[in-house]
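Single-letter residue listing:
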Amino acid sequence: MASRPNILFVVVDQLGARWLPTYGNATVSTPHLESFAAQSRVFERAITTSPVCTPYRGCLLSGRYPSQTGVLRNGQAYPANAPSLADHLNTAGYSTNYIGKWHLSGAPQENRWVPPDKRAGFQHFIGWESHHVDHNAGWIWRDDPDAPIHMPGHETDALTDIALHQLKQATADSDPFFMLLSYQAPHPPCSPPAVFQDMYDTKDLLDEPNADPTAWYDMPNWNADYDAATFRQLYFGEISHLDAAFGRLLRKLDELSLRDDTLVVFTSDHGEMAGARGIFGKGVMYEESLHVPFIIRAPGQTQGRRTDQFAATIDLLPTLLDYAGIVKAETVEGISLRAQIEGGDTDRDRIAISEYRNFCATSQDWKLITAGRTLEAAELYNIVDDPYEQVNRLDDPACVEAQARLSEALRRWHGKVCAGNPLTTSESDKAWHQVNT
């Protein structure tokens, strides 16, 4: 392995761990991702630090919580004064590349050019701001100037073609590369190629105990109006299509002899409720929205391992810095997961915090959700015994110790992270109930 490995970071949009075979789903087909997981470190319990697009991206690039950066909801820009992951890697001699959906340059939230000063330091940028409602009618911008290029066919295939070309170009450079490939799929409304959609037209797609077969997906602005079974057929088709694209990326790494020198990360910004509890979308603290895939292959790794090490979005930046040989600044939150990726011990006592409309404290076994952005506990679940979160154990005498432990961890986090944040309680109500897509 090179002392400073290349890094290929693949983040897909709105893919919950619940919908992947790697995490126990028996319906969805993802053979390439399954093969990759068999060679990689699979984090069985990983959560998003914020279950919505822009706050996640702000957290990923800064290593800071949304309440620390001020990137609290969709449509906000990455802070100009916040050192980014690209900034750190640029200083260390990496070639930094971004491909795909950005969603960090502020309003308006639409398919448009991202100006150079809004790209958080990335040297090479091929992407767009946000909102390809039709995955077959996407536009992309290649560096400068503001000259849109139509992406032929489905944008998942077009983005993959671009990434394959850029990977080949990166091998000509003596510097290690960092490539962040940000797919918009499977973000609804979904329009997978027919061959992938048809894979699910005869299957029972609503067999979980918390699935609501009467739920209806109605998004007039997106020309989407159909039942939960149709939603899942389209959504699952997008997932299988993404899997085929990911297989192409892995093959290209092998063809370019990059496998032994490249760290590969596959994850998602947040999940999708997909009709669970009658809800579609994200932004809530239930497992379908909060629990995301974390599958990481170290350079040269061939044997897969699963770990119950608890992990979160906030850990990704320090992990990448560790592999790049960069000392983590004191302002960076989270922990490096490198030891666990390479077979180290698990910290079973860890509690991770997520934030959006609510706060959420999660441990290996338990989850506490607050009433809005307050410290008042509203829901408590044992996610081992009750993985579909059907029994609220709040104030159950048998759960006093677990509730107290999570509440205290949340209180300490809040005191450190949210002090002086203007959007904490009363002012947050209007902000958090905007339409966030």
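Residues numbered from 1 in each chain as written. Predicted model: local features only at pLDDT ≥ 70, side-chain atom pairs only at ≥ 80, totals over all residues. Heavy atoms only, no water.

A few points about the nonpolar core
Part 1 of the reasoning: Membership of the largest hydrophobic core comes to 100 residues, with the highest contact counts inside it found for F9, L61 and F178.
Part 2 of the reasoning: Sorting elements by how many residues they give to this core places helix α7 (residues 228-255) first, with twelve residues.
Part 3 of the reasoning: Other than its neighbours up to four places away in sequence, F9 contacts Y56, L60, F178, M179, L180, L181, V265, T267, L316 and L320.
Part 4 of the reasoning: Of all hydrophobic cores here, the second largest spans 33 residues; its members include C360, L368, A377 and C399. (Core = buried A, V, L, I, M, F, W, Y, C linked by side-chain atoms within 4.5 Å. Buried < 20%, exposed > 50% of the residue type's maximum accessible area, 1.4 Å probe, protein only. Helix = DSSP H or I, 4+ residues; strand = E, 2+ residues; numbered from the N terminus. Contact = heavy atoms within 4.5 Å.)

Here we look at the packing of aromatic side chains
Part 1 of the reasoning: Inspection of the entire model under this criterion finds 20 aromatic pairs.
Part 2 of the reasoning: Considering the side-chain rings of Y65 and W413, the 5.3 Å spacing of their centres and the 80° angle between planes classify their relative orientation as edge-to-face. Of this pair, Y65 sits in the loop between α2 (53-62) and α3 (66-69) while W413 sits in helix α11 (residues 400-417), and the two are 348 residues apart along the sequence. In this structure, Y65 and W413 share a single accessibility class: buried.
Part 3 of the reasoning: Centroid distance Y98 to F125: 5.4 Å. Interplanar angle 10°. Geometry classified as stacked. In this pair, Y98 is assigned in strand β4 (residues 95-101) and F125 in strand β5 (residues 124-128), connecting sequence segments 27 residues apart.
Part 4 of the reasoning: For F125, a relative accessible area of 1% gives the class buried.
Part 5 of the reasoning: Each residue in the set W19, Y200, Y217, Y226, F231, Y235, F236 and F280 is aromatic and connected to the rest through ring pairs, giving one cluster.
Part 6 of the reasoning: Over the ring of Y286 we find R277, and its NZ or CZ is 3.7 Å from the ring centre. (Phe/Tyr/Trp six-rings, centres within 6.5 Å; stacked < 30°, edge-to-face > 60°. Lys NZ or Arg CZ within 6 Å of the ring centre and 35° of its normal.)

Structural notes on the packing of helix α5 (residues 155-170) against α7
Part 1 of the reasoning: The contact between α5 and α7 brings their axes to 10 Å, and the two run at 10°. With respect to each other, α5 and α7 are oriented roughly parallel. On the side of α5, the interface is formed by T156, D157, T160, D161, A163, L164 and L167, while α7 contributes H241, L242, A245, R248, L249, K252 and L253. (Axes fitted to C-alpha atoms, helices over the stretch in contact; angles between N-to-C directions. Parallel < 35°, antiparallel > 145°, perpendicular 65-115°, else oblique.)

Brief notes about the layout of surface pockets
Part 1 of the reasoning: Taken as a whole, the largest pocket spans an internal volume of roughly 460 Å³.
Part 2 of the reasoning: What lines the largest pocket is a set of 22 residues, among which R18, Y23, G24, H291 and P387 lie closest to the centre.
Part 3 of the reasoning: Grouping the amino acids of the lining of the largest pocket by side-chain chemistry returns seven nonpolar, five polar and ten charged. (1 Å grid on protein atoms, 1.4 Å probe; cavity = no way out; pocket = protein on both sides within 12 Å on 5 of 7 lines; lining within 4 Å. Points joined across faces, edges and corners; volume = space filled by probe spheres on them. Nonpolar A, V, L, I, M, F, W, Y, C, P; charged D, E, K, R; others polar.)

Some details on the sheet that holds strand β18 (residues 377-382)
Part 1 of the reasoning: With antiparallel pairing, four strands are arranged side by side in an open sheet as β15-β16-β17-β18. In the strand order of this sheet, the two ends are held by β15 (352-355) and β18, each with one partner. When strand polarity is set aside, the average angle formed by the axes of neighbouring strands in this sheet is 15°.
Part 2 of the reasoning: Pairing analysis gives three bridges linking strand β16 (residues 359-362) to strand β17 (residues 366-370), with the strands arranged antiparallel. Among the inter-strand pairings, C360 is bridged to a residue of β17, identified as I369. (Pairing = 2+ DSSP bridges.)

Concerning the pairing of strand β6 (residues 139-142)
Part 1 of the reasoning: When β5 meets β6, the two strands line up antiparallel, connected through two bridges. From the neighbouring strand, G127 faces β6, where its bridge partner is W141.
Part 2 of the reasoning: Here β6 pairs with strand β7 (residues 149-150) via two bridges, running antiparallel. In the strand pairing of β7, W139 is matched with H150.
Part 3 of the reasoning: Adjacent in sequence and paired antiparallel, β6 and β7 are bridged by six residues, among which D143 carries a positive phi angle near 50°.

Let's talk about the confidence of the model for the protein chain
Part 1 of the reasoning: On average, the protein chain scores 93 in pLDDT, and the residues at 70 or more come to 95%.
Part 2 of the reasoning: Note on residues 423-437: pLDDT under 50 across the span, and 36 contacts to partners over four residues away in sequence or across chains. (pLDDT = per-residue confidence, 0-100.)

Considering α7
Part 1 of the reasoning: A rise of 1.5 Å per residue sets the reference length of α7, with its 28 residues, at 40 Å; its end C-alpha atoms lie 41 Å apart and thus fit the reference within 8%.
Part 2 of the reasoning: Most of α7 sits inside the fold, with 21 of its 28 residues counted as buried.
Part 3 of the reasoning: Remark: S257 follows α7 within two positions and exhibits a positive phi of approximately 55°. (Expected span 1.5 Å × (residues − 1).)

Details of empty space enclosed by the protein
Part 1 of the reasoning: Under the definition given, this model contains three cavities of 30 Å³ or more.
Part 2 of the reasoning: Approximately 70 Å³ is the volume attributed to the largest cavity.
Part 3 of the reasoning: Lining the largest cavity are eleven residues; nearest its centre among them are H131, Q184, H187, P188 and W222.
Part 4 of the reasoning: The residue inventory of the lining of the largest cavity, partitioned by class, reads four nonpolar, six polar and one charged.

As for the sheet that holds β4
Part 1 of the reasoning: Across the sheet, which stays open at both edges, the ten strands sit in the order β7-β6-β5-β4-β8-β1-β11-β12-β2-β13 with mixed pairing between neighbours. Looking along the sheet, the strands with just one partner apiece sit at the ends: β7 and β13 (305-307).
Part 2 of the reasoning: Strand direction decides the pairing type here: strand β1 (residues 6-12) and strand β8 (residues 177-182), joined by five bridges, are parallel. If you follow V10 over to β8, its bridge partner there is L181.

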